[in-house]
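Below are the chains, spelled out letter by letter.
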Amino acid sequence: MPRLPLALSRSVFLLLATLPALAHAQTLAPTPPMGWNSWDAYGFTIDEADFKANVAVLAGIKQYGWQYAVIDEGWYLENPLGADTASQKFVYDANGRLIPAINRFPDAANGAGLKPLADWVHAQGLKFGIHLVRGIPRQSVADNKPIAGSSFHAQDAADTTDVCPWNKDNYGIRDNAAGQAWYDSIIALYAGWGVDFFKVDCISDRPYKVSEIRQVAAAIKKTGRPIVLSLSPGPTALDHAAEVAQYSQMWRISDDHWDVWSHVPEEGKGEFPMGTLQAFSRLVNWRGYVRPGSWPDEDMLPIGSLTPHPGWGEPRESRLTHDEARTEFTLWAITRSPLILGANLTKLDDFTRSLITNKDVLEMNQRVTATHPIITLPPELRKVRAWISSEKAASGQAPHDPPRYLALFNLDDQPIHIQVKLSDLSAELEGVQLRDLWERKDLPPSGEVDVTLPPHASVLYLAQVKLRPMSK
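Residues numbered from 1 in each chain as written. Predicted model: local features only at pLDDT ≥ 70, side-chain atom pairs only at ≥ 80, totals over all residues. Heavy atoms only, no water.

Chemist: When you look at the sheet that holds strand 10 (residues 295–297) in this model, what are you seeing that I'm missing?
Modeler: By definition, the strands of a sheet pair up through backbone hydrogen bonds, in either a parallel or an antiparallel sense. Judged by pairing direction, the sheet is parallel, and its eight strands sit side by side in the order 10-9-8-7-3-2-1-13 without closing on themselves. A single partner strand is all that each edge strand has here, and the edge strands are strand 10 and strand 13 (339–341). Direction aside, the axes of adjacent strands within the sheet are offset by 25° on average. Note: strand 7 (residues 197–201) against strand 8 (residues 228–231), four bridges, orientation parallel. Counted as the bridge partner of Phe198 is Leu229 from strand 8. (Pairing = 2+ DSSP bridges. Helix = DSSP H or I, 4+ residues; strand = E, 2+ residues; numbered from the N terminus. Axes fitted to C-alpha atoms, helices over the stretch in contact; angles between N-to-C directions.)

Here it is in C-alpha cells:
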C-alpha cells in the first residue's frame, strides 16, 4: 500500500486526533443553548423556592426548545445582600469548596449539596446549571485547606498575585498540578450533584485566563459527564476565537448586556452596559465562528420583569420598548446566538410570552445552518441592517429550495419605509414567497419588501421558494 506524503500524513493524524473533541462538543451543544438564568431578575438573591417557581414556568414551555435552568452567582452566600465578603457569609466544605447556603437552599442539608435540586430539575425534563467565579476562595487559601483527592493544599494552587478586577473574593489558580487538582476537586463535586452547565466568570476577558480555561475543561472531561462550558464575561478577543472554541461551547462576545438600546462607552471605561445597537457589529465580526458545539454568546436577554433584585439597577420592567425587545430577540435568533432568558418567569407579561413561545422563530435559531449579514444595501437603506439565514437542504430536496429567513432592522430613531426588490437584497431571495413570522401571516407574492418600520423595530420573514409547475 503506498505511503502518504509526510506533510499529508501529519495533517491526517491531526485531523483524526481532533475528531473526538469536535464530536464531543457537537454532542454537547449541537444547536445554540436555550434556557433561563437567574441573574437579570434576582442577582445574588435567588433561593430554592424562587428557583423552582421559575423552573416550573420554564418546564411549561420546554416544547419550544427551552432547556437549561441556571443559578447565577451567589448560591453559596447566607446573606446575599451583604456589603462585603465577610457579611455575605460564604459557606464552604472541609476542602474549601463552595457549597449551598442551607438557609436559602434547604434541600442541600446534610451534605446533599444541590443534588436534590438538580434531580428535581431533571424530573421536569430540563437541565441544571450553576455559576462559578474562576479561582479559589481567599478564605480557603488563608486556612490552607486540603484539596480533595490530592496531596496538595490550597496555598499550592493559589496565585495570590492574581485577583479578578471586579470580584475580589477569589485568588487565581496556578498553572501547575496543584491548580489542576483544585479544579478537578470542585468540578467533580458539582458534577456529582448532576450539573449540566457551568457558567465560569472572569475568565474570557478582563483578564483572559487560557490556563484556567484549559484546567476547567480538563476537569469537566475527567468527570465523564456531558457538561456545557460557558465562558464569561466579554468581550472575548477575536484573536482567541479558535482557542475558546476548542475548550468551551459558549463564550461571551460582549460585556454584560442590559436593557438599553444604545450605550457608547467613555474612553477607557469599557462597554458596560452593552446596548442592543452595538450588538449588531459585534455579531457581524463573530459570524464566521458560529457552528455546532461552538457558539459566540451575545449574553442574556433582559426582557420582561427584572425583579425583585436585578443584577444591575433598580427592580423594573425592562426598559426596552416592545419594538426594541422584538428586535433584540430577532437579532439573537437569526445570528444563532444562545437564547438565555433573564426575566422573572413567574411574572411573564403577554408580550414577553409571545416572544419566547413563537415556534417558528425559535426553530429558525435551532435549525438554520448558515447565517450572514447582507453587507451591501441600497443607499436609501443606510440606517437599515439585514441578515439572511438558511437551512440545509433536506434529503430529496433541491439545494436551492430549503427555507430561508430574512430579517430587516431599523436602527434609526425615526420610522423608515423600506420598499425594495428581494432580488436587489440578495440573489438568495430570487423567486421566494414571504411569510411574516412575528405577525404570522403570508405576504402577497410581489417580489419585493414593502414595509414601514417604527424606530428600532424589525421584521422577520420566512422566505420559501414558490411552488413550481410540474414538468410535463
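Chemist: Can you walk me through the pairing of strand 16 (residues 404–410) in this structure?
Modeler: Look at any regular strand and the pattern is simple: side chains alternate between the two faces of the sheet. For strand 16, the buried fraction is high: seven of the seven residues fall into the buried class. Neither face of strand 16 is exposed, since Arg404, Leu406, Leu408 and Asn410 on one face and Tyr405, Ala407 and Phe409 on the opposite face are all buried. When strand 15 (residues 384–390) meets strand 16, the two strands line up antiparallel, connected through seven bridges. Of the residues in strand 16, the one forming a bridge with Ala386 is Leu408. Bridge count for strand 16 against strand 21 (residues 458–465) is six bridges, and the pairing is antiparallel. For Tyr405, the partnering residue across the bridge sits in strand 21 and is Leu462. (Buried < 20%, exposed > 50% of the residue type's maximum accessible area, 1.4 Å probe, protein only.)

Chemist: For this particular structure, what's the right way to read unusual backbone geometry?
Modeler: For residues that are not glycine, phi is negative in most cases, and the peptide bond is trans in most cases. With an omega dihedral of 5°, the bond running from Gly234 to Pro235 counts as a cis peptide bond. Take Pro235: it is sitting in the loop between strand 8 and helix 10 (241–247). Cis geometry marks the peptide bond from Thr307 to Pro308, where omega comes out at 10°. Mapped onto the elements, Pro308 comes out in the loop between strand 11 (305–306) and strand 12 (316–317). One non-glycine residue, Arg206, lies in the positive phi region at around 50°. Positive phi values are uncommon outside glycine, yet Asp299 reaches one of about 95°. Mapped onto the secondary structure, Asp299 falls in the loop between strand 10 and strand 11.

Chemist: Can you help me understand the packing of aromatic side chains in this one?
Modeler: Using the criterion set out here, one finds 18 aromatic pairs in the structure. The interplanar angle of 75° and the centroid separation of 5.0 Å between the aromatic rings of Trp75 and Tyr76 together place this pair among those described as edge-to-face. For Trp75, a relative accessible area of 0% translates into the label buried. Relative to Trp438, the ring of Phe329 lies with its centre 6.1 Å away and its plane at 75°, an arrangement referred to as edge-to-face. Here Phe329, found in helix 12 (residues 322–335), pairs with Trp438, found in the loop between strand 18 (432–436) and strand 19 (441–442); they are 109 residues apart in sequence, far enough to count as distant. An aromatic cluster of at least three residues, connected via ring pairs, comprises Trp75, Tyr76, Phe90, Tyr92, Tyr190, Trp193 and Phe198. (Phe/Tyr/Trp six-rings, centres within 6.5 Å; stacked < 30°, edge-to-face > 60°.)

Chemist: Sorry if this is basic, but what is going on with the state of the cysteines here?
Modeler: As used here, a disulfide is simply a covalent bond connecting the sulfur atoms of two cysteines. Here the structure, examined in full by the defined rule, presents one disulfide. Here Cys164 pairs with Cys202 through a disulfide, and the sulfurs are 2.2 Å apart. Since a negative S-S torsion denotes a left-handed disulfide, the Cys164-Cys202 link at about 110° is right-handed. In this pair, Cys164 is assigned in the loop between strand 5 (158–159) and strand 6 (170–173) and Cys202 in the loop between strand 7 and helix 9 (210–223), connecting sequence segments 38 residues apart. For Cys164, a relative accessible area of 4% gives the class buried. We classify Cys202 as buried; its relative accessible area is 0%. (Disulfide = S-S within 2.5 Å.)

Without other data, these values stay purely geometric and don't point to any function.
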